[in-house]
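Each chain, written out:
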Amino acid sequence: MADLKVDLAGLRLRNPLLLASGIWGESGESLAGAWEAGAGGVITKSIGRSARLGYPNPTVESLGRWGFLNAMGLPNPGIEEYPKEIAAAQARGATVIGSVFGGDADEYAELAYRMAGTGVGAIELNLSCPHAEGLGSDLGEDPQEVEAITRAVRARVSVPVIVKITPNTADPVALAQAAERGGASAISAINTLRAISIDVRLRRPTLSHGLGGLSGPAIKPVGLACVWQIYPKVSIPVVGVGGIRTAEDVLQYVMAGARAVEVGTAVALDGIQIFSKLSQDLLALMGELGIERIADVVGAAHIRPAVNGVPLAAASHERRP
Amino acid sequence: MREVVAVSERVQETPSTVTLRFAYPDEARPGQFVMLWIPGDDEIPMSLSYVGRSKGVTVKVMGSTSRHIQSLAPGAQIGVRGPYGNAFDLAPRRVLVVAGGSGAAVLAPAAEAAARVGSEVTAALGATTGSELLFEARFRQMGARVELATDDGSIGARGFVTGVSDSLLASTIFDAVWTCGPEVMMDKVIRSARRAGVPAYGSVERVMKCALGMCDACALGPYHVCVDGPVFPGDALTPLPEFGRFKREPSGRVVPH
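Residues numbered from 1 in each chain as written. Chains lettered and ligands numbered in written order. Predicted model: local features only at pLDDT ≥ 70, side-chain atom pairs only at ≥ 80, totals over all residues. Heavy atoms only, no water.

**Section: the overall build of chain B**
Cut-off, in case you're wondering: Helix and strand labels come from DSSP, where a helix needs a run of H or I of at least four residues and a strand needs a run of E of at least two; each type is numbered from the N terminus. Radius of gyration: over C-alpha atoms. The globule rule applied is 2.2 Å multiplied by the number of residues raised to the 0.38 power. Burial status follows relative accessibility: with a 1.4 Å probe on protein chains alone, a residue under 20% of its type maximum counts as buried, one over 50% as exposed, and anything between as partly exposed. Here a residue-residue contact requires only that any non-hydrogen atoms of the pair lie within 4.5 Å. Accessibility throughout is a Shrake-Rupley quantity obtained with a 1.4 Å probe, and a residue counts as covered only by protein chains that appear here.
For chain B, the helix and strand inventory stands at seven helices and 17 strands. Taking 257 residues into account, the globule formula puts the C-alpha radius of gyration at 18 Å, and chain B, at 17 Å, falls close to it. Along the first, second and third principal axes, the C-alpha set of chain B runs to 50 × 40 × 35 Å. Within the span of chain B, comprising 257 residues, buried residues form 58% of the whole. Sequence separation of 24 or more characterises 61% of the internal contacts of chain B that already satisfy a separation of 6 or more. With the model as given, the accessible surface of chain B reaches about 9,800 Å², and the carbon-plus-sulfur share is 53%.

Take a look at the structure:
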């Protein structure tokens, strides 16, 4: 029987399917609901120092089956209020990962420290929100900032630190390596792609903030490429994010180098039962392909095994160092 | 996906409520809501008060956005997406509708649809004062028995509409109670209906952002009002510690209702 358990930088997960930050993470009851629906772990909304309303609506634009544009504007109740939501999810047994965002290294470190105090299993640094000025990806596009923020956080917390990087850069590998130098335990890639939509009748952007981030099936090949590029260049685990909707999507990310994945937009497209469905389908697919454990095929596509008896050597630049 | 449509008609229903009508082709059922975008202002969830091809929303003045919506004249462009959420089950034969204030906006189209398929509708309508009673004529026109209550006693019974609905529940047999209004009122109506052995359904309002079951802004206990509601069985609502007591502001912070 195939096994879905994975170890992510010391955090033991019952399966590799994490609820992505920003989805269902405002209330503890929702986090618990996602856990009970089969998520291997649940990541909170990104929490800041104080309550933030987020941008006015419209904050989301549907692109049908391709996914969504969103510019929520990092709404969150603040680190004073939020721990009770985490406690509610933990009381129901959930493995919770706390996501934080800030304006500088000190703020990230302080928030991570307070988040760690809630007993979360790991911290995820949101260094990649593409639509909040002075926060998230404004810092996260600069490798020096990424390294400094990660180092500051690392010094304050003992739980695993996952750094979520942005795809809105020419060189995602440089961001991942900067995070690793700063002491990151893992990288998650990717956050949403900076994007916009315009209503031609009204001659204005459809999101109140104008620019937003694109999520969903449209960005899966981009997320996959980032994981593919990052995996051979770092020695810490990678969490794959972007457009995952099927077990085959999960396995593509795993074979590109992901040890776990985050699922977000699919919750809106398919409902929260996506987690149990992905688990079942993944077990079936692994059975079909003769894969016993997820860990056995992490990065497997970089090896390029023999096909039809013809051995294919991996290109040396793609090989893990 | 969103469509930009023009307001076709504006009706001042009461001193504080206005109906905007607009053509929007997607089929909707009574109880469902749309996300109504006022370009340059906000996008808010509005239950449909008219569900035919010419749809409508009936807006009470609450804050700056609702004031802005009320100021829109025919021809104004608005964005509409939806309809979203679930609807009232129109099967019951004898329905008691209990509306507080603008709650009548979502109950009127449901009662109309029920009456059209042969249900007997009784409507208990409440408002602060007589001039604020919403859709009284519309309920009478569909053949409903109408009972009124106002806080100041200017029309109908003096006091809350729950006094009227309680005596109706005591004197008449119903198959279902539908309610919409302030949550404290709905909570009372649902409990009275339960004592009378009648299943109750309430339409609930929360802050909404995505309306797609993703962002968690409208989390209510284990539910998301946008996809699991907005119409809930009373038995699902009354056990929730926050029902009638707390709501979440747009930051997600829990505040008194």
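Picking up after the structure, the text goes on.
**Brief notes about the side chain of N191 of chain A**
Residue and element names in this part refer to chain A. As a reminder, the rule being used: A 3.5 Å cut-off defines polar contacts: any pair of N or O atoms within that distance qualifies, except that in protein one atom must be a possible hydrogen donor and the other a possible acceptor, and neighbouring residues in sequence count only when both atoms are side-chain atoms.
Tracing the chain through its elements places N191 in the loop between β10 (186–189) and β11 (193–195). At 3.0 Å, the side chain of N191 and the side chain of S128 are in polar contact. Look past the residues within four positions of N191 in its chain and what remains in contact with it is N126, S128, C129, P130, K164, I165, P167 and I219.

**Observations regarding the interface of chain B and chain A**
Rules: Two parts placed together each lose some accessible area; with a 1.4 Å probe, that loss summed over both constitutes the buried area. Salt bridges are defined as contacts in which a side-chain nitrogen from Lys or Arg sits within 4 Å of a carboxyl oxygen from Asp or Glu.
Taken together, the 32 residues of chain B in the interface contact 37 residues of chain A. Of the roughly 2,800 Å² buried between chain B and chain A, counting both surfaces, carbon and sulfur atoms make up 57%. At the surface where chain B touches chain A, the tally comes to two salt bridges. Across the pair E61 of chain A and R2 of chain B runs a salt bridge, and its minimum N-O distance is 2.5 Å. At the boundary of chain B and chain A, one finds 15 residue pairs in polar contact (both at pLDDT 80 or more). Elements that contribute at least two residues to the side of chain B that touches chain A include exactly β3 (33–37) and β6 (77–84) of chain B.

**Points about the domain arrangement of chain B**
All names here are of chain B. Note the following rule: Per the annotation, domain bounds derive from an automatic or database assignment of domains.
Considered domain by domain, chain B is made up of domain 1 (3–84) and domain 2 (94–248). Computed over C-alpha atoms only, the centres of domain 1 and domain 2 are separated by 20 Å. Across the boundary between the two partners, domain 1 contributes 21 residues, which contact 22 residues of domain 2. Interface area, domain 1 with domain 2, both sides summed: about 1,600 Å², of which 65% is carbon and sulfur. The three residues of domain 1 that bury the most area against domain 2 are P30, G31 and F33, which together make up 24% of that side's buried surface. Our count for the contact surface shared by domain 1 and domain 2 stands at zero salt bridges. Every element with two or more residues in the side of domain 1 that touches domain 2 is listed here: β1 (3–14), β2 (17–23), β3, β4 (43–51), β5 (54–60) and β6.

**Examining the pairing of strand β16 (residues 258–263) of chain A**
All names here are of chain A. Heads up, the condition is: In short, DSSP must find at least two bridges between two strands for them to pair. A crossover gets the label right-handed when its path from the first strand over the helix to the second runs clockwise, viewed with the strands pointing away from the viewer.
Most of β16 is tucked away: five of the six residues are buried. Pairing analysis gives four bridges linking strand β15 (residues 238–241) to β16, with the strands arranged parallel. In the strand pairing of β16, V239 is matched with A260. Crossover handedness for the path β15 to helix α8 (residues 247–256) to β16: right-handed.

**As for the packing of aromatic side chains**
The geometry of an aromatic ring pair is captured by the separation of the ring centres together with the interplanar angle, meaning the angle of the planes. Residues and elements named next belong to chain B. For clarity, the cut-off: Any two rings among Phe, Tyr and Trp, with Trp reduced to its six-membered ring, count as a pair given centres within 6.5 Å; such a pair is stacked if its planes are under 30 degrees apart, edge-to-face if over 60, and tilted if neither.
Taken as a whole and assessed by the stated rule, the structure comprises four aromatic pairs over all chains. Their ring planes at 50° and their centres at 5.8 Å tell us that F33 and Y84 sit as a pair that is tilted. Taken together, the positions of F33 in strand β3 and Y84 in strand β6 put the pair 51 residues apart, joining distant regions of the chain. Accessibility expressed as a relative area gives 2% for F33, which makes it buried. Residue classification places Y84 among the buried positions, given a relative accessible area of 14%. Judged by centre distance (6.2 Å) and plane angle (85°), the ring pair of Y50 and F135 falls under edge-to-face. With a gap of 85 residues between them, Y50 in strand β4 and F135 in the loop between β8 (120–127) and α3 (136–141) connect regions that are remote in the sequence. Taken as a pair, Y50 and F135 share a single burial class, namely buried.

**Things to note about the sheet that holds strand β3 (residues 17–19) of chain A**
Strand pairing in a sheet relies on backbone hydrogen bonds. The paired strands run either parallel or antiparallel. Residues and elements named next belong to chain A. Rules: In this description, a line fitted to the C-alpha atoms serves as the axis of each element, helices being fitted only across the stretch in contact, and the angle between N-to-C directions of two axes falls anywhere from 0 to 180 degrees.
Spatial ordering of the closed barrel is given by β3-β4-β7-β8-β9-β10-β15-β16, a layout of eight strands whose pairing is parallel. In this sheet, neighbouring strand axes are inclined to one another by 25° on average, regardless of whether the strands run parallel or antiparallel. With two bridges joining them, strand β4 (residues 41–43) and strand β7 (residues 96–100) adopt parallel strand pairing. Within β7, the residue paired with V42 across the bridge is V96. Helix-sheet contacts for helix α3 (residues 105–116) involve β7 and β8 (122–126), and the interaxial angle to β7 is about 160°. Along the sheet, helix α5 (residues 143–154) makes contact with β8 and β9 (161–164), crossing β9 at roughly 160°.

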